[in-house]
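Close look at the chain arrangement
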Amino acid sequence: MSKFVHKPKGQNGKVKPSASKPSASKPSASKPSASVDPVTPVESTISSPQAENDWSNAQGSTRDNPRGNGRAVSPTNGNANGNTKGKTNGSTAPAAIAKNGGSVPTGATVSKTVPKIVPIGNETGKSTVKSTVQPTAAVKPAAQSTATSTPLQEETKAENAKAGKKRKPLYRRPWLWALLIAAAGLGSGAAYGYKVLQDVEAQLPESVEGVLNYTRGETMTVKASDGTVLQEIGPVAHEKLEMGKIPNLVVQAFIASEDRRFLDHEGVDYQGIARATVANLRAGRVVEGGSTITQQLSRIVYLNNDKELWRKLKEIRLAQKVEDVYDKERILERYLNLVYLGSGAYGVADAAWVYFGKSVDKLELGEVATLAGIAPAPSLYSPIENEEAAKERRNTVLERMRDEGFISPGQAAIAITAPLDLNPQQPKRLNRKVPYFTDYVQKQIPNLVSPEKIAEGGLTIETTINLKWQQAAEDAVAKAVVRYGSSQKFSQASLTAIDPRTGAIKAMVGGDDYFNKEKNGQFNRVTQAKRQPGSTFKTLVYSTAIAAGFSPYKSLRDAPLVVDGYEPKNYSKGYRGNVSMRDALTYSMNIPAVKTLIDVGWNPIVKLAKGMGIASELKPTYSLALGASEVTLLELTSAYGTLANKGLHADAHGIARILDREGNVVYEAKKDPERAIDENSAAIMTWMLQSVVNSGTGTAAKLNRPVAGKTGTSDDYRDLWFVGYIPQVVAGVWLGNDDNTSTKGASSTAAAVWKDFMQRVTEEVPREDFPQRPKLDGREATIAAEPLKPKQNYYKAIPAGQNLAVQSQPRRSSTSRRQTTTRRRTTTTTTRRTATPAPRRSGSPRNVQKPRNPSKPVVRRSTPAPRPAARPAPRPAPRPAARPAPRPRVATPAPRPAPAPARPTTPQVSKPAPSAAPPSVTKPPK
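Residues numbered from 1 in each chain as written. Predicted model: local features only at pLDDT ≥ 70, side-chain atom pairs only at ≥ 80, totals over all residues. Heavy atoms only, no water.

Within the protein chain, the secondary structure is distributed over 27 helices and 21 strands. Out of the 926 residues belonging to the protein chain, those deemed buried represent 46%. Counting contacts in the protein chain only where the partners sit at least 6 residues apart, residues at least 24 apart contribute 72% of the total. In the form shown here, the protein chain has an accessible surface area of approximately 47,600 Å², with 51% of it arising from carbon and sulfur atoms. (Helix = DSSP H or I, 4+ residues; strand = E, 2+ residues; numbered from the N terminus. Buried < 20%, exposed > 50% of the residue type's maximum accessible area, 1.4 Å probe, protein only. Contact = heavy atoms within 4.5 Å. Areas by Shrake-Rupley, 256 points an atom, 1.4 Å probe, with all protein chains shown as cover.)

Further remarks concern the packing of helix H18 (residues 538-547) against helix H23 (residues 679-695). It is the contact of H18 with H23, at a shortest axis distance of 9 Å, that shows an interaxial angle of 135°. Judged by the inter-axis angle, H18 sits oblique to H23. Pair H18 / H23 crosses with right-handed handedness. Contacts from Thr 539, Tyr 542, Ser 543, Ile 546 and Ala 547 of H18 reach H23 at Ser 681, Ile 684, Met 685, Met 688 and Leu 689. Of the residues in the contact of H18 with H23, the class split is seven nonpolar, three polar and no charged. (Axes fitted to C-alpha atoms, helices over the stretch in contact; angles between N-to-C directions. Parallel < 35°, antiparallel > 145°, perpendicular 65-115°, else oblique. Left-handed = near helix turned anticlockwise from the far one by under 90°. Nonpolar A, V, L, I, M, F, W, Y, C, P; charged D, E, K, R; others polar.)

This part takes up helix H6 (residues 270-283). Between the first and last C-alpha of H6 there are 20 Å, a value that for 14 residues agrees with the 20 Å anticipated at 1.5 Å per step. Measuring from the backbone nitrogen of Gln 271 back to the side-chain oxygen at the start of H6 gives 3.3 Å, which picks out Asp 269 as the cap. In the stretch just after H6, Gly 284 is the one whose phi turns positive, near 75°. (Expected span 1.5 Å × (residues − 1). Polar contact = N/O pair within 3.5 Å; in protein donor to acceptor, adjacent residues only side chain to side chain.)

On to unusual backbone geometry, then. Excluding glycine, a negative phi dihedral is what most residues carry, and trans is how most peptide bonds are arranged. Of note in the backbone geometry, Lys 573 takes a positive phi value of approximately 65° without being a glycine. Considering the arrangement of structural elements, one finds Lys 573 in the loop between strand E12 (561-563) and strand E13 (577-580). Backbone geometry at Ser 588 places phi at a positive 55°, although glycine is not the residue there.

A surface patch of nonpolar side chains, about 340 Å² in accessible area, is lined by Trp 177, Leu 180 and Ile 181. Relative to the elements of secondary structure, Ile 181 occurs in helix H3 (residues 174-203). (Patch = residues over 30% accessible without salt bridge, like charges linked within 9 Å, V, L, I, M, F, W, Y side chains within 5 Å. Salt bridge = Lys/Arg side-chain N within 4 Å of Asp/Glu carboxyl O.)

Right, let's talk about the sheet that holds strand E19 (residues 719-726) for a bit. Strand order across the open sheet formed by five strands is E10-E9-E20-E19-E18, with antiparallel pairing between neighbours. Looking along the sheet, the strands with just one partner apiece sit at the ends: strand E10 (505-509) and strand E18 (708-713). The mean inter-strand angle of the sheet, taken between neighbouring strand axes irrespective of direction, is 10°. Against the sheet, helix H22 (residues 633-644) touches strand E9 (492-498), E10, E18, E19 and strand E20 (729-736), its axis set at about 30° to E19. Strand contacts of H23: E18 and E19, with the helix running at about 65° to E18, the strand carrying the most contacts. (Pairing = 2+ DSSP bridges.)

Before going further, it helps to spend a moment on the side chain of Asp 719. Looking at the secondary structure, you find Asp 719 in strand E19. Residue classification places Asp 719 among the buried positions, given a relative accessible area of 2%. Within the structure, the side chain of Asp 719 is placed 2.9 Å from the side chain of Arg 531, a separation counted as a polar contact. Here Trp 734 takes part through its side chain, which lies 2.9 Å from a polar atom of the side chain of Asp 719.

Under the counting rule described, the total for this entry stands at 11 aromatic pairs. Geometrically, the ring pair formed by Tyr 340 and Tyr 346 is tilted, given 4.7 Å between the ring centres and 40° between the ring planes. Given a relative accessible area of 30%, Tyr 340 falls into the partly exposed group. Residue classification places Tyr 346 among the buried residues on the basis of a relative accessible area of 12%. A centroid spacing of 5.6 Å and a plane angle of 85° characterise the contact between Tyr 725 and Phe 770, whose relative ring orientation is edge-to-face. A residue pair is termed long-range when its members are at least 10 positions apart, and Tyr 725 in strand E19 and Phe 770 in the loop between helix H24 (747-761) and strand E21 (793-795) qualify at 45 residues. Judged by relative accessible area, which is 0%, Tyr 725 ranks as buried. Taken together, the ring pairs in this structure connect Tyr 436, Tyr 514 and Phe 515 into an aromatic cluster. The ring centre of Phe 262 lies 4.6 Å from the NZ or CZ of Lys 328, which sits over that ring. Of note, Lys 428 hangs over the ring of Trp 353, and the distance from its end group to the ring centre comes to 4.7 Å. (Phe/Tyr/Trp six-rings, centres within 6.5 Å; stacked < 30°, edge-to-face > 60°. Lys NZ or Arg CZ within 6 Å of the ring centre and 35° of its normal.)

As a further point, take the sheet that holds strand E16 (residues 665-668). The strands that make up a sheet pair up through hydrogen bonds in the backbone, lying either parallel or antiparallel. Taken together, the five strands give an open sheet; going across it, the order is E7-E6-E8-E15-E16, and neighbouring strands pair in mixed fashion. Each end of this open sheet is capped by a strand with a single partner; those strands are strand E7 (229-233) and E16. Across the sheet, the axes of successive neighbouring strands diverge by a mean angle of 15°, strand direction being ignored. Direction of pairing for strand E6 (residues 220-223) relative to strand E8 (residues 459-463): parallel, over a ladder of four bridges. The partner of Val 222 across the bridge, within E8, is Ile 461. Here helix H15 (residues 435-444) sits on the sheet and contacts E6, E7, E8 and strand E15 (655-659); the angle it forms with E7, its principal contact strand, is near 50°.

Time to look at the nonpolar core. With 86 residues, the main nonpolar core has Phe 437 and Tyr 725 as its most contacted residues. Excluding its chain neighbours within four sequence positions, the residues that come into contact with Tyr 725 are Tyr 640, Leu 643, Ala 644, Thr 686, Leu 689, Pro 706, Val 707, Ala 708, Val 730, Trp 754 and Phe 770. Listed in part, the 50 residues of the second largest apolar core include Val 250, Val 348, Ala 375 and Ala 412. (Core = buried A, V, L, I, M, F, W, Y, C linked by side-chain atoms within 4.5 Å.)

What follows concerns the pairing of E19. Here E19 lies mainly inside the structure; eight of its eight residues are buried. On E19, burial covers both faces: Asp 719, Trp 721, Val 723 and Tyr 725 on one face and Leu 720, Phe 722, Gly 724 and Ile 726 on the other are all buried. The antiparallel hairpin formed by E18 and E19 contains five residues in its connecting segment, where Asp 716 sits at a positive phi of about 60°. Across eight bridges, the pairing between E19 and E20 is antiparallel. Note on E20: the bridge partner recorded for Ile 726 is Val 729. The turn linking E19 back onto E20 is made up of two residues.

What follows covers the pairing of E18. For E18, the tally of buried residues reaches six of six residues, placing the bulk of the element in the interior. A two-sided burial pattern is seen for E18, the buried positions comprising Ala 708, Lys 710 and Gly 712 on one face and Gly 709, Thr 711 and Thr 713 on the other. For E18 and E19, the ladder comprises six bridges, and the chain directions are antiparallel. Bridge assignment links Lys 710 to a residue of E19, and that residue is Val 723.

Below, the structure is given as structure tokens:
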């Protein structure tokens, strides 16, 4: 590197040679000149000490050699103002320049290296010139020369020093290293930042459509069959508003409080971030956030509240993507419906109810500002939790609304001075309808949906409940406990109704009062209480027998029975002798039911019961026929529904479908029922059960349409049952006490409760008849009987006074045989409230007088069979006035008057005798 110096005037920078050519062998005198051209710095070797001293005195200044190879000498005089290039072709140069009158010794040989002067930045070439200094005369010193440096020399020295400083090597420049470090840092930071952005982008969802269908984790919404919300589970917003239904004042309050530039930015407000940063630094704590409403919505839907840089980067990127897809209105609508506002309130609609007990359109200015002020810290600014902090925050929001021009200063001042005026309410999402049913549904969900889906949240549970039927069921149960509970000594009641064709549960009331803890209100007696079904289980015993090919007219003996030490008893304490299977069911006789179980076997009965819907354990004992094994009301009702559905069983269920947060079906109830019993056997059983309602123990359940059903009572009247059905609905009722104590009621009370419910249900259900009873001749068995072989099995004689068949024999008239015959033709019997006459021994259907109405019980003659020519008596009894007097055998002046006929009443053979059952069975409850 070379340094530029000043050139003297008139010089061109070249070195002028001497007047005489130097020679090494022949020295010649040199003519001194008044001035000498300045020369470039040279590196010289002086042969004598004196010459070295003189040369040293001639130096203008001394500085470091830029190349680090010695000292550079720059002789300078007072006229120097230019640069002199040294020759590189080996020519002789002046040996020395006298300074202050000094001289160079003769004969001194100077070996000097003259650098080649090139512009700054180029290398300097060097050439070596060797010359012999000849003896010369002394040089006159300049007049102006002095022993001290001149101003020009000082200036030159300063310039030389400055120039020397600039010539430091690049690796010794600190600023260069700083620049390199900064560049490396920026490059590394850029590379790392790019990698971070790539990682963040990879963790974000490809689509932001979840903003529209988002629901929080582990949330469920349970709906009725008509779409009515029954219950909301988890942190879900109960009421969602469209943007058009949200008051403008609410929108302005949240914009002023949370995002003043919401309408201007594209998801991220960089000015807001800077403003919040400054405010927080001044306060020394976090007093203002920089997140926009779009960022908050993105955090609610996709992220959490962790205070991490990664989360913030994701939030920013998601907000940008959301703004790219949705307009401001949709973003604000979703935010106002999802934002958590403390005290269990999600969304502005829920918060308006929770804090002020009113809808959002009824809120006043101060109340709106209170809600908007809660959003930054719900736990801190909830007015229920911290009224003073909430009021202070409300005032801040009002001031911001004033500053943004949303309200006038006067409005702000009035609202600031107003009290909060809270009216706290329970969140609506915690209110639920049909709690017994929704509890049952919640317990079913884990069996139908994976834990991952449940944790994801947003499930919609579409149930089968019919709210009109449910209301009728709740009313019927409540009235039963109030009307009959105290007098008949029972404290609880339950009812359920099912669509037998689909298995859909339409109503479920598990107790008198769900919210009464003293009465164990939350215990569901439809699904959780296992009780002895009593005589209602006989329907399953006889169904097995009919399917095994037995005739409903099969003769069974009703008399004291002993089988392997077990002695069943009738509730009536009496016996009827030989009865048909149909009559045994109609009047709920116990002995014939046990005998039928022995003839069929308990294995076929248990198998059929399972197929019809009984899930509880059924123990193979003789008492099984009388309902000794415990079952639930839901199971028993579902089993009867199989008969109502012509032998097809549909599993009872309360959930129709389950949808995930995106509306996809993740579960759907099975719709195809399975055959449990053949259709003909089901039709015969329905025909037999109709007689129970029409003329047996279930007359309290009569409707203005065909009804089939069965009553039941367990030991000591602990449980009172009735399960009945029409073709479209099957319902079951249970009455009793949770502690299993005895009642003083009767199963007819349960039948009356069933009727109370069904009368309201049938208002919207059209009348439909049951299938006709099939022919009984030539039927084939569909179930193989497995008769039991008891070690001990015999009947005892009927004790005196307990033979109900004798007590119900018809009265004979004391008139002539002809008159008796005539009377027999006009009226079937003259028995008084006879339960059923004793059938003929054969029990054959050929000897049974069939009524015109198949729903009524069969009427048998109590006298010997009539002659073939005799016609059966007409159903209605003729009036006495219409009967002519019989022709007398002997002509007399006056005809002999006819004997007084029996009282012309409708035959009472369809009603049980008072001793056929406990007195309360035949009497409907008051």
